[in-house]
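Coordinate inspection notes
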Amino acid sequence: MDDLEKAILLVYEPSAADPGLRAQAMAFCEQAKADPSALFRLCLDRLHRSPLVPVQFWCLQALHDVLVLRYSSIPPADLPLLRSSLICLASDRPLPHSSPPFLRNKLAQVLATLIRLEYPTLWPSPFLHLLPRLPSAEPLAVDMFARLLVALDDDLLSQDYPRSPEEVAAASRVKDSMRHQCVPQIARHWFDAVSLYRSSAAALAAAALDTMKRYVSWIDITLVANDAFIPLLFDLILAPGSPEQLRSAAAGCVLAIVLKRMDPRSKFALLRRLRVNQVFADADLVLKLVTLITGYASEALECYKKLGSEEIEGPFSLELLEEALPSVFYVMQNCEEVDSGNVVDFLSDYVSTMKSPSQQQVAYLGQILEVIRVQICYDPAYRSNLNIPDKIGREEEDQMSERRKELFTLFRSVCRVVPDVTQLFIRTLLANALSSSEMSVEEVEAALTLFYRYGETVSEEAIRTGGGLLGELIPMLLLARFSCHLHRVVALVYLETVSRYIKFVQENVQYIPHVLAAFLDERGIHHPNLNVSRRASYLFMRAVKLLKAKLVPFLDTILQSLQDTVAHFTSVDWMSKELKCSGSEDGSQTFEAIGLLLGMEDVLPEKQSEYLAAFLNPLCQQELEESSAKVVALQQIIMALNALSKGFNERLVIGSRPMVGIMFKQTLDVVLQILVMFPNIKPLRNKITSFLHRMVDILGTSIFPCLHVALKQLLVENEPKDMVDFLLLINQLICKFDTSVGSLLEEIFPAIASRLFVFLSSDAFSSGSGANTEEIRELQELQRMLYTFLHVMATHDLSSVFLAPNCKGYLDAIMRLLLLTSCTHKDMLLRKLCVQIFVKLIKDWCTNNNGEDKVPGFRSYIIEKFATECCLYSVLDKSFEFRDANTLLLFGEIVLAQKVMYEKFGDAFIIHFLSKGLPAAHCPQDLAEQYYQKLQIFQQGNDIKTLKSFYQSLIENLKQHQNGSFVFR
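This is a predicted model, so every value here is computed, not measured. (Residues numbered from 1 in each chain as written. Predicted model: local features only at pLDDT ≥ 70, side-chain atom pairs only at ≥ 80, totals over all residues. Heavy atoms only, no water.)

1. Overview of the overall build of the protein chain
Each helix and strand in the protein chain was counted, giving 48 helices and zero strands. On C-alpha atoms alone, the protein chain measures out to a radius of gyration of 41 Å, which is more than a quarter above the 30 Å that the 2.2 N^0.38 rule sets for 969 residues. Along the first, second and third principal axes, the C-alpha set of the protein chain runs to 110 × 85 × 70 Å. Within the protein chain, buried positions represent 53% of all 969 residues. Once local pairs closer than 6 in sequence are excluded, the contacts in the protein chain between residues at least 24 apart make up 72%. With the model as given, the accessible surface of the protein chain reaches about 43,200 Å², and the carbon-plus-sulfur share is 52%. Here the protein chain carries 95 positive and 112 negative side-chain charges, and the mean point of each set is 3 Å from the other. (Helix = DSSP H or I, 4+ residues; strand = E, 2+ residues; numbered from the N terminus. Rg over C-alpha atoms; globule rule 2.2 N^0.38 Å. Buried < 20%, exposed > 50% of the residue type's maximum accessible area, 1.4 Å probe, protein only. Contact = heavy atoms within 4.5 Å. Areas by Shrake-Rupley, 256 points an atom, 1.4 Å probe, with all protein chains shown as cover. Lys, Arg positive; Asp, Glu negative; His and termini not counted. Charge placed at Lys NZ, Arg CZ, Asp CG, Glu CD.)

2. A short note on the side chain of N718
Looking at the element boundaries, N718 is found in the loop between α38 (704–714) and α39 (720–737). Engagement of the side chain of N718 in a polar contact is seen with the backbone oxygen of L714, the distance being 3.4 Å. Those residues within four positions of N718 in sequence are excluded, and the remaining contacts are R685, M723, R755 and F759. (Polar contact = N/O pair within 3.5 Å; in protein donor to acceptor, adjacent residues only side chain to side chain.)

3. Side note on helix α41 (residues 774–795)
Here α41 spans 31 Å end to end across 22 residues, near enough to the 32 Å set by a 1.5 Å rise per residue. Among the residues trailing α41, D797 stands out with phi positive, at a value near 60°. (Expected span 1.5 Å × (residues − 1).)

4. What to know about the pattern of salt bridges
Under the defined criterion, the tally for this structure stands at 55 salt bridges. Residues D521 and R481 are paired through a salt bridge, measuring 2.8 Å at the closest nitrogen-oxygen approach. A residue pair is termed long-range when its members are at least 10 positions apart, and D521 in the loop between α29 (512–520) and α30 (530–547) and R481 in the loop between α26 (470–478) and α27 (488–500) qualify at 40 residues. Exposure remark for D521: the relative accessible area of 14% places this residue in the buried category. A relative accessible area of 47% means that R481 is categorised as partly exposed. The salt bridge involving D722 is made with K682; its shortest N-O contact spans 2.9 Å. Of this pair, D722 sits in helix α39 while K682 sits in helix α37 (residues 682–699), and the two are 40 residues apart along the sequence. A relative accessible area of 9% means that D722 is categorised as buried. Residue classification places K682 among the partly exposed residues on the basis of a relative accessible area of 22%. Residues participating in the shared-partner salt-bridge network are D2, E5, D45, R46 and R49. (Salt bridge = Lys/Arg side-chain N within 4 Å of Asp/Glu carboxyl O.)

5. Re the environment of I392
Within the fold, I392 resides in helix α22 (residues 391–417). Classification of I392 by relative accessible area gives partly exposed; the value is 46%. Sequence separation of I392 and L114 is 278 residues, and the distance between their C-alpha atoms is 52 Å. Beyond its immediate sequence surroundings of up to four residues, I392 is in contact with Y382 and N385.

6. Brief notes about the environment of L495
With respect to the helices, strands and loops of the structure, L495 is situated in helix α27. With relative accessibility at 0%, the residue L495 sits in the buried group.

7. Things to note about the packing of aromatic side chains
One pass over the full model with this rule turns up 28 aromatic pairs. Ring geometry for F913 against Y931: centres 5.3 Å apart, planes inclined by 40°, an arrangement best described as tilted. Placement of F913 in helix α46 (residues 907–920) and of Y931 in helix α47 (residues 925–941) is noted, with a sequence separation of 18 residues between them. With respect to class, F913 is no different from Y931; both count as buried. Among the aromatic side chains, those forming a connected cluster through ring pairs are F880, F882, F891, F909, F913, Y931 and Y951. Here R272 stacks its cationic end above the ring of F316, 4.7 Å away from the centre of that ring. A cation over an aromatic ring shows up here: R500 above the ring of Y452, its NZ or CZ 4.2 Å from the ring centre. (Phe/Tyr/Trp six-rings, centres within 6.5 Å; stacked < 30°, edge-to-face > 60°. Lys NZ or Arg CZ within 6 Å of the ring centre and 35° of its normal.)

8. Describing the packing of helix α14 (residues 264–273) against helix α17 (residues 290–307)
As a packed pair, α14 and α17 sit with axes 10 Å apart at the nearest point and diverge in direction by 135°. Accordingly, the angle class assigned to the pair α14 and α17 is oblique. Crossing of α14 over α17 shows left-handed handedness. Together, P264, R265, K267, F268 and L271 of α14 and Y296, E299, A300, C303, K306 and L307 of α17 make up the contact between the two elements. A class-by-class count of the residues in the contact of α14 with α17 yields seven nonpolar, no polar and four charged. (Axes fitted to C-alpha atoms, helices over the stretch in contact; angles between N-to-C directions. Parallel < 35°, antiparallel > 145°, perpendicular 65-115°, else oblique. Left-handed = near helix turned anticlockwise from the far one by under 90°. Nonpolar A, V, L, I, M, F, W, Y, C, P; charged D, E, K, R; others polar.)

9. A closer look at unusual backbone geometry
Leave glycine aside and you will find that most residues have negative phi; peptide bonds, for their part, are mostly trans. The omega torsion across Y119 and P120 is 0°, close enough to zero to call that bond cis. Tracing the backbone through its elements, the reader meets P120 in the loop between α6 (101–118) and α7 (126–130). At D738, a position not held by glycine, the phi torsion is positive, near 50°. Among the secondary structure elements, D738 is positioned in the loop between α39 and α40 (742–759). A positive phi angle, near 60°, is found at H922, a position not held by glycine. Mapped onto the elements of the fold, H922 is located in the loop between α46 and α47.

10. Details of the confidence of the model for the protein chain
Residue-level pLDDT values for the protein chain average 90, and 95% of them are 70 or greater. Of all the helices and strands in the protein chain, α47 carries the lowest mean pLDDT, 83, while α27 carries the highest, 97. (pLDDT = per-residue confidence, 0-100.)

11. Side note on helix α18 (residues 313–334)
With 22 residues, α18 should cover 32 Å at 1.5 Å per step; its first-to-last C-alpha distance of 33 Å lies within 8% of that length. At L325, α18 is bent by approximately 30°, the largest bend along its length, and proline P326 sits one to four residues beyond. (Bend = angle between axes of the 7 residues up to and from the residue.)

12. Describing the packing of helix α34 (residues 628–645) against helix α36 (residues 658–677)
It is at 12 Å that the axes of α34 and α36 come closest, and there the two elements cross at 150°. One element, α34, and the other, α36, form an angle in the roughly antiparallel class. Relative to α36, α34 is oriented so that their crossing is left-handed. Counting all contacts with α34, which are made through L634, I638, L641 and S645, the residues of α36 involved are F664, T667, V671 and I674. Here the residues of the contact of α34 with α36 sort into six nonpolar, two polar and no charged.

13. A look at the state of the cysteines
A complete count under the given rule lists zero disulfides for this structure. Cysteine C59 is unpaired, with the sulfur of C43 as its nearest cysteine sulfur at 4.2 Å. (Disulfide = S-S within 2.5 Å.)

Printed below as a string of structure tokens:
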């Protein structure tokens, strides 16, 4: 063993030496690669002499690196030796049988790389050297030739991998030369190798078939789809004792032949010649050759789509397709390894070809429905995981939801083609589920799911009238009680399906008792599984919204059924982990449903008051204790009250049924006592704020006496997020009552303004490492809400509040904030709001021309600051991009503001703008004069589009002359 071999061993066995010695070995090996000519001789010598596998692998890798990276630097005189030596290693003197497969693969890769670089121009004969030796060669040479063809396919010829343009060109060159020179001999070699080694060396025969499969796509199909090859391939597939490896390889070749691209008539003739129907006859074989079955069926379908209308080929192409269909169905129902996505795509494609299906096709569609049913069934192994969902159950549900998407698309296609067959199929499933206690959870869930999905394919009219078999199926559903109804997935899909067909009950009121029972008994709200109960609560509320007045005769029944649910909702320990919920389905929808029923004018007044008192009084008669459990219970009660109130409106509460208004007013008083007692508990305060929103909606002005206490308490120790909620409530009050809330707003505005200026101080929005924290996002949301609040005040004639004695002290700060935001904020929509606020204040506070203004100094502030800084300089800033839609909206408001300023201020505005503003922006005198003319024309004719267009062109002209140098600060 010389120094190089020792160094190579150290490189490949790092644990055998210290890092320093290994680094020296790597450097020594790299030095040996410096001279390509010397390296060739060194490597070729070692490959023939050294018995050490690491040394042989290093030599082959070194040769490969030189060919790939430094081919142009190889002396031409060295190449003949390299070619002959590699050919010798691949045929005459192959690597020994004991050589590991990776070593032979590396040799094949080196040889394939040289062929890619030189064949056929510089080296026209590699295949002519190898092929003549193969018929009499030993198995090692046959194995080596197969590996060479695989390496050539992987590294160059295959189109399954992304290739560079140079690689594509090289692949075309090599393929063209091989077709012309040696492909027939290679095909003959495949046949001979398979015939010779099928019994004695099945793995070697399978390797030959694997290479053949790779090359079928680009060689002449007659070389492999002929009277010699086809019988051989099917003999390997069909022979009872055929090794699985060999059978699978032969099936891969047949599939490659089936998938070969050609015109439809040639493909049709090819498919008819193949003996795939013999595979269909053997069920075990079908399951072993799934890919062949589905690939053949897909190609048969393509032939039918293209030739189906032909007089001669049409019927035969359909026959070819339908011969394969039973095997496809069998595969889908019995093989877990099948790529169901591809098969579903095939079946969807098949169904799409049907216009008026034949009797045979109708039968096949029935089988497709059965395939879908089987495929959408959950695995029984996950039954307990799905009932009380754990991590495994949730993952299974998510995966099944994804798997079902394409299956439901196929199902809808079948429904459209044969709705009657689908209805009969569903009726059979439901009947079997109801009559048999042995039908599993998974089968019942699948049956109900298909009925639910069927509802997506029929019109609302068909549901209402019970078209087809729906008039039989929907009552069957409403009366259904399955043996496995306690399982969560069955109960949920049952309720969803009832909801899907609820409009049938709208027309057929005799079924109202049945639909109420489905929602209210142990199948729905009283189901022991909390997830089911809460979902039932939500779906019942939706049903009540739809049926509403039709439910009045059943009001007593409904309320009695819900009595225990209501009591449970307000008394249970909601702190327990099992009862905590995520999302909006928290059980409160039961109260919303009750509110919708009680809030109808169809209910007699005395009954309405009686029912409402029965719900409100217990809810309001809770003892106020300072315990965490009690606070959570109070949150639930207020949430229930909020939901209950959604069924009532102001017209009923204040107008036709004032007694109801009094009851809600009393309830609000109790809720506000809770707020006073627990002012700092944020979740509770949020619930109370939501309830206040509802009370504003339904109590109208009668809520005014309560607002002082409510708003004062909501301002106690609130944070930015609380302030956003508070301003939302204030905005609602302003939008509903306009100037009626003026005095209230004057009273609380100083507290609001002072709190906002503290929260939104200049250093609040740190640009440091925490700039994207939740706190910053909350402040940004509060900032947006502040401008919305100011905008709502201005546009609802409440600008006088800014001028009230106790509010006036904040006016300067508000004006500065509005000006800064209108000029520089990144959010163009916020800037637009600020411009609109300024426009409204100009209209409110300034008289035309030189009359006396409400706010001394405001006119000059607008002319000297707003008109120039916002309406000119900020628009010239490079950040103002006219291609942005929101920026264009802002620009429209800026142009409108100039119109209003010209109306109100006349020459005072225009003189300052033309003499100070435009010159500062280096505006040419002629453009300034044109602007003045356009403004005058606009004033006379009110053509805002013309003025906007001109001002935009003026700004773009100024920007172009400044070349982006103007930056507004």
